[in-house]
Amino acid sequence: MKLTIEKTQLENILSNCQNFLEKRDISQITAHVFFQCRENTLIIRATDYEIAIQSEIEVQSEEEGKATANGKDILNFIKTLKEGNITLEVENNTLLIKQNRSKLNLPMYNVDEFPDIPEYTPDHKLNIESNKFLNSIKKINSAIDTNNPKFELNGALLDIKEYSFNFVATDTRRLAIIKHESQGINTLSLIISKRSINEILKLFVDEIEIFYNQTHIIIKSGQYTFFGKIISSKYPNYESIIPKEFKYTLQLPKDKFIESVKIVSSLSNKIKINFQPNEILFESLSDKNHKASTQIELDIKIQDFVLGVDSKYLLDFLSQIDSDEFTLQLDEQNNKPIMLSDHNFITIIMPIIL
C-alpha cells in the first residue's frame with residue numbers, strides 16, 4: 001500500500017476514531033486503526049467491538065493494500081506535522097508515515113485479524129427523518145441511565161408502532177418520551193446504548209440514513225458510517241408508567257423558571273417549590289445550615305402546593321425545549337409523579353419526599 005493524503009483530512013478522521021479504540025489493552029488489534037486502499041479510495045476503520053466507525057476518502061494511490069497502526073500514536077505524530085500532503089506506505093510489515101524529512105515507523109498487526117464491520121442491507125432501512133432522529137436522541141439522552149445492572153436502562157428505546165414511533169429513556173427516577181406520527185405500519189423495538197447515542201451526536205449533524213440488523217444500528221452520512229451494538233434485552237413497559245390524569249395543569253415561563261431553579265440549586269440539586277395563587281416560591285434543600293430562595297410572581301390558581309424535586313431533572317428538560325412556555329402537571333398529592341411537557345416531548349419525574 002502506498003498513497004498520498006492531505007494532512008488535515010487524515011487528522012480529522014483519526015480524531016473521530018479515537019473513541020472507538022481499545023483503551024485498556026493496547027496490545028489488542030482493536031487499539032489499531034485499519035487502513036485499506038483500493039481504486040484511489042482510502043477506507044479507515046476503528047472498533048472496540050461495541051461500536052465501530054468507517055470512513056472513506058479519495059486519495060492519490062500508487063499501490064493498493066491494507067495496513068494497521070496504533071490509532072493514538074499515529075494521530076499524535078500527524079498532529080505535529082505541517083499542513084500539506086502526507087505519504088502512507090507499507091514496508092516490511094511496518095506502516096511508514098512521511099512528510100518531507102519527518103517520518104514515523106509503526107509496527108503492524110496481521111490485517112486479516114482486524115474485525116469485520118457488520119453487514120446490513122437496504123431493505124432494513126428506517127424511514128425516519130434525520131432531524132427527528134437526531135433531535136429526539138439529543139433531547140432524551142440525559143435521562144438514560146449509566147452502569148445500571150439492568151442493561152436495557154443503559155440505552156434509549158426506539159419503539160416503532162403502527163403509524164407512530166417513540167423515543168424513550170429512563171433512569172428509574174424520571175421517564176423521557178418523544179412521540180412522532182408516521183405513515184409506516186411495520187413494528188420494531190431497538191435499544192440504542194447511551195455510548196452509541198453520544199457518538200452519533202458527535203459525528204452527525206445533518207442528513208443521515210439509518211439501517212439496522214439483528215445486532216447493530218447503522219448510521220450513514222457523507223464519508224462516515226457508524227455501527228453500534230443494540231442492547232438485546234426487553235425494555236420496561238414505559239406506557240404503564242404514564243399517569244392518566246392530573247389535578248393541576250400549569251403553563252409556566254421557561255426562562256424565569258430556569259433562572260429561579262438555578263439560583264436555589266447553587267447549594268444543592270434538591271429543591272423545594274411552593275405553588276401559591278399569585279407566586280411560585282423556590283427554596284434550596286440543603287443538609288447544611290444554608291438556604292437559598294427566590295420567587296416568581298405569577299397568577300396560577302393553585303393553593304399551597306409544595307413539591308420537592310431534583311433540579312437537574314427540571315433543567316435537563318428545560319434546556320432541550322425551544323418554546324417560551326412549558327406545561328407542568330401535578331397531582332393532588334405531592335408524592336405523586338409530575339409531568340413536564342412541550343409539544344411531543346414529555347418528562348415524568350418522581351418527586352423527593354419532603
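Since we're looking at a predicted model, the values are computed, not measured.

1. Here's the deal with unusual backbone geometry
Phase 1: Phi angles above zero are rare outside glycine, and N92 is one such case at about 55°.
Phase 2: Looking at the element boundaries, N92 is found in the loop between β7 (85–91) and β8 (94–99).
Phase 3: Despite not being glycine, N93 shows a phi value in the positive range, around 60°.
Phase 4: For N93, the location among the structural elements is in the loop between β7 and β8.

2. Here we look at the environment of E50
Phase 1: Mapped onto the secondary structure, E50 falls in the loop between β3 (41–47) and β4 (51–58).
Phase 2: Distance in space between the C-alpha atoms of E50 and S196 is 8.7 Å, their sequence separation being 146 residues.
Phase 3: When sequence neighbours within four positions are dropped, the list of residues in contact with E50 reads S193, R195, F227, G228 and K229.

3. Some points on the sheet that holds β8
Phase 1: With antiparallel pairing, five strands are arranged side by side in an open sheet as β5-β1-β7-β8-β9. Looking at which strands have only one partner, the edges of the open sheet turn out to be β5 (60–63) and β9 (102–107). The mean angle between the axes of side-by-side strands here comes to 20°, regardless of whether they run parallel or antiparallel.
Phase 2: Where strand β1 (residues 2–6) meets β5, three bridges bridge the pair, whose relative direction is antiparallel. Across the sheet, residue L3 finds its bridge partner in β5, namely S61.
Phase 3: On top of the sheet, helix α1 (residues 7–17) reaches β1 and β7; it is set at about 90° to β1, its chief contact.
Phase 4: Lying over the sheet, helix α2 (residues 71–79) contacts β7, β8 and β9, oriented at roughly 180° with respect to β9.

4. What to know about the sheet that holds strand β14 (residues 188–193)
Phase 1: Taking strand neighbours across the sheet as the criterion, the eight strands line up as β14-β11-β12-β13-β25-β24-β23-β18 in an open arrangement whose pairing is antiparallel. Looking at strand neighbours, the two that pair on one side only are β14 and β18 (248–253), the edges of this open sheet. For this sheet, the mean angle separating the axes of adjacent strands, direction not counted, is 20°.
Phase 2: In this structure, strand β11 (residues 155–161) lies alongside β14, joined through six bridges in antiparallel fashion. Residue pairing in the sheet places I160 in a bridge with L188 of β14.
Phase 3: Relative to β18, helix α5 (residues 254–264) is tilted by about 90°, and along the sheet it contacts β18 and β23 (325–330).
Phase 4: Across the sheet, helix α6 (residues 311–318) is in contact with β13 (174–181), β23, β24 (338–342) and β25 (345–349); its angle to β25 comes to roughly 180°.

Cut-off values and rules
Residues numbered from 1 in each chain as written. Predicted model: local features only at pLDDT ≥ 70, side-chain atom pairs only at ≥ 80, totals over all residues. Heavy atoms only, no water. Helix = DSSP H or I, 4+ residues; strand = E, 2+ residues; numbered from the N terminus. Contact = heavy atoms within 4.5 Å. Pairing = 2+ DSSP bridges. Axes fitted to C-alpha atoms, helices over the stretch in contact; angles between N-to-C directions.

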